[in-house]
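Here are the chains, one letter per residue:
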There are 2 protein chains.
Amino acid sequence: MDSIKIGMIGFGTVGAGVVNLLQDRGDSLAERVGVKLELVRVSVRDINAKRDARVDPLMLTTDPYEIANSDNVDIVIEVMGGEEPAIGLALQSLKNGKHLVTANKLLLAMRGEQVYQAAEDAGVELGFEGAVAGAIPIIRSIKNAFAADRISQVQGIVNGTGNYILSRMTDEGKAFDEILKDAQALGYAEADPTFDVEGIDSAHKIAILGSLGFETPIDFGDVYTEGISAITPEDIDMAREFGYRIKLLAIAKRNTDSIDVRVHPAMIPADNLIANVNGALNSVEVVCDVSGTSMLVGPGAGSGPTASAVMGDVVDISRKIINGAAGKTPPLSVPCKSRTKIPVRPMDEVMSEYYLRFTVPDRTGVLSMIASALGRHKISISSMIQRGRMENEPVSVVLTTHMAKEANLKKALGEIDDMNVCAAETMAIRMVGAG
Amino acid sequence: MDSIKIGMIGFGTVGAGVVNLLQDRGDSLAERVGVKLELVRVSVRDINAKRDARVDPLMLTTDPYEIANSDNVDIVIEVMGGEEPAIGLALQSLKNGKHLVTANKLLLAMRGEQVYQAAEDAGVELGFEGAVAGAIPIIRSIKNAFAADRISQVQGIVNGTGNYILSRMTDEGKAFDEILKDAQALGYAEADPTFDVEGIDSAHKIAILGSLGFETPIDFGDVYTEGISAITPEDIDMAREFGYRIKLLAIAKRNTDSIDVRVHPAMIPADNLIANVNGALNSVEVVCDVSGTSMLVGPGAGSGPTASAVMGDVVDISRKIINGAAGKTPPLSVPCKSRTKIPVRPMDEVMSEYYLRFTVPDRTGVLSMIASALGRHKISISSMIQRGRMENEPVSVVLTTHMAKEANLKKALGEIDDMNVCAAETMAIRMVGAG
């Protein structure tokens with residue numbers, strides 16, 4: 001074998017990073033693998049689009065199936081993103097016996113089981129380190145490093161844009177909208193930031209990590225998702241006063257007969273390491289029965305880190321091809337059929353401590369109405385702060401609660417809402433303990 | 001193949017962890033691997049010693065070569081530690097075609113090249129995740145995850161005992177000796193703490209990580225090593241005043257034509273994530289050209305974490321055996337012969353900023369003598385604090401310097417020493433910038 005032939009589907013930011021890495025480090029990669037890694041074909045939507053990397057124009061095609069069906073491609077890199085047509089291309093590539101490396105988190109969150117099974121059936125390699133948390137080696141750590149252990153929890157900050165916005169809100173005391181606009185101007189947030197700020201991107205990633213860590217299929221529809229767009233500078237400020245930081249947390253957790261898989265803003269004790277992961281950094285904590293808690297931190301996205309992760313998989317797979325070891329081990333390390341479905345616990349049954357901020361008139365009796373509504377639903381208060389005292393203006397009443405059931409909180413907040421005393425929407429943020 | 005047969009050399013803390021993990025999680029491991037993992041023989045120094053795990057006494061032998069030479073062992077786990085007789089046993093096991101998993105950092109730091117070459121020659125698997133930083137998956141991350149990237153630096157806190165002592169000194173303001181005694185009583189430090197507190201254990205680990213990351217053999221004698229036993233509460237206090245924390249740092253760094261491999265206390269900016277890795281935790285930062293800086297944090301030692309890492313390797317190798325992929329890829333991912341020797345830069349040539357604490361009489365002219373000695377050797381001062389003003393008592397003069405060459409600092413401190421003005425040994429701590 002003279003070289004490993006690579007076909008790439010998609011040529012956006014990550015694709016450009018891959019091309020640059022292949023061009024800049026070609027000799028070194030060849031040395032590490034034993035043969036040259038050769039990019040032979042790249043499919044794009046628009047041949048003439050501007051890109052941050054250059055390839056021979058003859059290499060480009062607008063038909064991605066040319067790559068999935070090519071006789072001249074050993075490894076397909078899929079960096080086009082999205083569910084369709086990526087799923088068809090991934091399955092076709094695998095069916096044709098090509099090894100697949102993908103950075104497509106949406107695809108794996110929605111259709112992972114199909115992709116894993118197809119790779120296993122075809123006896124080929126599947127790499128997806130780049131799909132979650134950029135260059136942070138979380139996928140192979142879960143698949144291999146903690147293979148002898150039992151993972152009880154995977155939790156982290158897996159969206160760089162959201163973390164960047166929250167960090168700047170925390171540092172500068174400014175409102176979400178203002179920081180978002182600036183983040184968009186600086187290229188940290190996309191024109192449509194929904195996936196990042198509403199937690200959907202984080203949900204994709206935690207669905208993949210949870211599925212891998214607990215060896216179970218996860219229906220993406222079961223992942224509870226709540227974003228950061230409602231967080232106010234006041235909440236961040238109050239969090240600080242309580243000794244906490246607000247982070248957008250993705251949580252996958254094992255219960256006795258179920259798992260939790262959810263994304264929402266969380267208050268984390270300020271001295272917890274994860275509370276100090278700021279800017280666009282990502283971090284993932286893995287809790288194991290025997291080895292305890294490990295945490296991986298790093299740049300979670302961007303052309304360089306994601307391309308490095310994608311190419312790390314390509315190098316790994318290429319070495320296996322050269323050494324005759326490719327496709328020998330199933331893509332998830334365990335056969336798909338050994339994975340058993342563990343139900344996701346409905347959000348209503350989750351227990352948390354809560355931070356609650358009510359905007360109410362500064363009037364005798366209001367606080368007692370709120371407290372008794374909470375009490376009726378078995379929610380007990382652990383601390384209270386009242387803020388603001390402008391005449392005739394509503395004030396903020398901030399409560400923290402002891403452990404309470406999500407369903408009970410919803411009912412209590414509904415009743416409080418019905419009292420028509422609140423001058424603005426009540427804010428509830430779950431508090432997550434240290435460790 | 002009905003089962004994978006495991007022989008274990010050594011049955012101390014880590015060995016007991018391995019036995020417990022095999023017993024407690026046997027079914028789950030069998031499911032993950034496809035066949036049972038069976039411990040068949042364990043060599044010990046003393047058959048009757050008390051241990052934290054139990055095996056059938058008939059399994060025990062006092063002759064470790066029974067394991068290295070057994071026809072009934074597929075994987076040898078070496079957890080006896082030390083250089084001799086471990087090296088002979090490791091080489092013999094490999095020569096006999098057994099896969100080897102070792103947690104012996106001293107062995108790999110001193111004799112790694114021999115072990116790597118022997119594993120490659122024999123076409124067997126070699127796992128050593130447990131040798132560095134416990135369950136933190138740093139070995140496989142360097143070998144595989146960052147395989148397409150170029151590692152420019154590996155740096156971290158890789159000794160839990162040292163970090164525990166420094167963290168408590170920082171929290172409690174107490175002296176090294178007092179905390180060490182307490183750490184010994186609590187089991188955090190050994191009766192002879194030399195390896196941990198003098199940086200030797202960290203040096204073993206950074207030699208292994210540097211060798212792997214830069215693909216070069218490293219002579220352990222070239223690793224500069226300085227411990228934490230001379231650090232005083234005053235230094236920790238002054239560090240805090242400057243906005244720094246003191247950590248025992250292990251550093252492997254690429255220069256243009258050389259590498260740095262060294263262990264010494266370092267002042268790290270307090271807002272740097274690594275400065276906040278406290279207690280017995282370890283953390284390793286990997287800086288890559290393309291993907292930037294990633295950091296891995298976790299329990300760096302102890303029975304559970306190390307056993308989990310050892311067994312992670314055993315599971316990995318067992319899967320490869322079952323799938324016919326074992327020994328196909330060289331143990332360091334690249335063939336030993338492709339590793340080229342990069343010289344370790346002599347410590348004298350290393351550039352640092354320094355924290356310097358002089359203990360001198362509070363007398364006109366002393367400070368100017370010190371400043372001119374530093375100036376003569378091109379060391380410029382960036383800040384100065386004088387502390388204490390008891391009559392007739394010496395005071396502490398603390399200086400921080402701009403970048404200076406180690407050799408120049410040594411000469412300057414030698415000259416200052418010769419002036420006979422210092423009432424106590426001068427303390428010099430290197431300051432390490434953020435990122």
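Residues numbered from 1 in each chain as written. Chains lettered and ligands numbered in written order. Predicted model: local features only at pLDDT ≥ 70, side-chain atom pairs only at ≥ 80, totals over all residues.

Peer 1: I'd like a rundown of the overall build of chain A, residues and numbers included.
Peer 2: Scanning chain A from N- to C-terminus turns up 14 helices and 17 strands. For 435 residues, the compact-globule estimate of 2.2 N^0.38 gives 22 Å, and chain A sits close to it at 24 Å. Across its three principal axes, chain A shows a C-alpha extent of roughly 80 × 45 × 35 Å. A burial count over chain A gives 54% of its 435 residues as buried. Partitioning the intrachain contacts of chain A with sequence separation of at least 6 by distance along the chain shows that 75% fall at a separation of at least 24. (Helix = DSSP H or I, 4+ residues; strand = E, 2+ residues; numbered from the N terminus. Rg over C-alpha atoms; globule rule 2.2 N^0.38 Å. Buried ≥ 20, exposed ≤ 12 C-beta atoms within 10 Å, placed from the backbone. Contact = placed C-beta atoms within 7 Å.)

Peer 1: Summarise the sheet that holds strand 4 (residues 75–78) of chain B; cite the residues concerned and give the values.
Peer 2: Residue and element names in this part refer to chain B. Judged by pairing direction, the sheet is parallel, and its six strands sit side by side in the order 3-2-1-4-5-6 without closing on themselves. Of all strands in the sheet, those bounded by a partner on one side alone are strand 3 (60–61) and strand 6 (126–127). Pairing of strand 2 (residues 36–43) with strand 3 involves two bridges; the strand directions are parallel. Of the residues in strand 3, the one forming a bridge with V42 is L60. (Pairing = 2+ DSSP bridges.)

Peer 1: Tell me about the packing of helix 1 (residues 13–24) of chain A against helix 12 (residues 303–322) of chain A, and name the residues and values.
Peer 2: All names here are of chain A. Packing of helix 1 against helix 12 brings their axes to within 8 Å, and their N-to-C directions diverge by 65 degrees. For the pair helix 1 and helix 12, the crossing hand works out as right-handed. Where helix 1 approaches helix 12, its residues T13, V14, A16, G17, V18 and L21 are matched on the opposing element by S303, G304, T306, A307, S308, V310 and M311. (Axes fitted to C-alpha atoms, helices over the stretch in contact; angles between N-to-C directions. Left-handed = near helix turned anticlockwise from the far one by under 90°.)

Peer 1: An account of the domain arrangement of chain A is requested, with residue identities and associated values reported.
Peer 2: On domain assignment, one finds that chain A holds domain 1 (3–134 + 303–338), domain 2 (139–299) and domain 3 (347–431). Centre-to-centre separation of domain 1 of chain A and domain 3 of chain A, based on C-alpha positions: 50 Å. (Domains from an automatic or database assignment.)

Peer 1: Any chance you could break down the environment of L374(A) for me, citing the residues and the numbers?
Peer 2: All names here are of chain A. Within the element layout of this structure, L374 appears in helix 13 (residues 366–376). Separated by 348 residues in the primary sequence, L374 and G26 place their C-alpha atoms 63 Å from one another. If we skip the residues at most four places from it in the chain, L374 touches I379, I381 and A412.

Peer 1: Describe the environment of S380(A), with residues and values.
Peer 2: Residue and element names in this part refer to chain A. Its location among the elements puts S380 in the loop between helix 13 and strand 14 (381–387). Separated by 21 residues in sequence, S380 and T401 have C-alpha atoms that sit 5.6 Å apart. Ignoring anything within four residues of it in the chain, the contact list for S380 reads T401 and H402.

Peer 1: Can you tell me about unusual backbone geometry, naming the residues and giving the values?
Peer 2: In this chain, E84(A) is followed by P85(A) through a cis amide linkage whose omega measures 0 degrees. By secondary structure assignment, the location of P85(A) is in the loop between strand 4 (75–78) and helix 4 (86–95). For A133(A), which is not glycine, the phi dihedral falls at a positive 60 degrees. Here A133(A) is to be found in the loop between strand 6 (126–127) and helix 6 (138–145). Unlike most non-glycine residues, E215(B) shows phi in positive territory, near 50 degrees. Of the residues examined, E215(B) has 20 C-beta atoms within 10 Å and is grouped as buried.

Peer 1: Tell me about the pairing of strand 13 (residues 351–361) of chain A, and please be specific about residues and values.
Peer 2: Residue and element names in this part refer to chain A. With two bridges joining them, strand 13 and strand 16 (residues 404–405) adopt antiparallel strand pairing. Each residue of the ladder has a partner; that of S352, found in strand 16, is A404. In the sheet, strand 13 pairs with strand 17 (residues 424–431) via six bridges, with the strands oriented antiparallel. In the strand pairing of strand 17, R357 is matched with M427.

Peer 1: Could you give me a rundown of the relation of the copies chain A and chain B, with the residues and numbers involved?
Peer 2: Once turned by 180 degrees and shifted 0.0 Å along the axis, chain A lies on chain B with an RMSD of 0.0 Å. Those values place the two copies in the arrangement expected of a two-fold rotation axis. Scanning chain A for the C-alpha nearest the rotation axis identifies L296(A), at a separation of 2.2 Å. In this assembly the copies share their binding face: 100% of the residues contributing to the interface of chain A also contribute to that of chain B. (Least-squares fit on C-alpha atoms with pLDDT ≥ 70 in both.)

Peer 1: Report on the sheet that holds strand 6 of chain A, specifying residues and quantitative values.
Peer 2: Residue and element names in this part refer to chain A. Ordered in space as 3-2-1-4-5-6, the six strands form an open sheet in which the pairing is parallel. Lying at the two open borders of the sheet, with one neighbouring strand each, are strand 3 (60–61) and strand 6. In the sheet, strand 4 pairs with strand 5 (residues 99–102) via four bridges, with the strands oriented parallel. Looking at the pairing, E78 lines up with T102 of strand 5. Contacts from helix 12 reach strand 1 (3–9), strand 2 (36–43), strand 4, strand 5 and strand 6 within the one sheet, and its direction differs from that of strand 5 by about 165 degrees.

Peer 1: Run through the confidence of the model for chain A, naming residues and quoting values.
Peer 2: Interpretation of this model should avoid reading the predicted coordinates in detail wherever pLDDT is low. Averaged over all residues, the pLDDT of chain A is 95; the fraction at 70 or higher stands at 99%. Among the prediction metrics, the complex's ipTM stands at 0.92, with pTM recorded as 0.94. (pLDDT = per-residue confidence, 0-100.)

Peer 1: Please give an account of the interface of chain A and chain B that cites residues and values.
Peer 2: The partner chain B presents 51 residues to the 51 residues of chain A that form the contact. Elements that contribute at least two residues to the side of chain A that touches chain B include exactly helix 2 (26–33), helix 6, strand 12 (292–299) and helix 12 of chain A. Per-element accounting of the side of chain A that touches chain B gives the leading share, eleven residues, to helix 12 of chain A. By residue class, the composition of the side of chain A that touches chain B is 23 nonpolar, 17 polar and eleven charged. Two elements, strand 12 of chain A and strand 12 (residues 292–299) of chain B, share three bridges in a ladder whose sense is antiparallel. Of the residues in strand 12 of chain B, the one forming a bridge with M295(A) is V297(B). (Nonpolar A, V, L, I, M, F, W, Y, C, P; charged D, E, K, R; others polar.)

Peer 1: I'd like a description of helix 5 (residues 105–122) of chain B, backed by residues and values.
Peer 2: Residue and element names in this part refer to chain B. With 18 residues, helix 5 extends only 21 Å from end C-alpha to end C-alpha; this falls clearly short of the ideal 26 Å at 1.5 Å per step. At R111, helix 5 is deflected by roughly 95 degrees, the largest bend along its length. The buried fraction of helix 5 amounts to 13 of the 18 residues, a majority that puts the element mostly inside the structure. Just beyond helix 5, the residue with positive phi is G123, at close to 65 degrees. (Expected span 1.5 Å × (residues − 1). Bend = angle between axes of the 7 residues up to and from the residue.)

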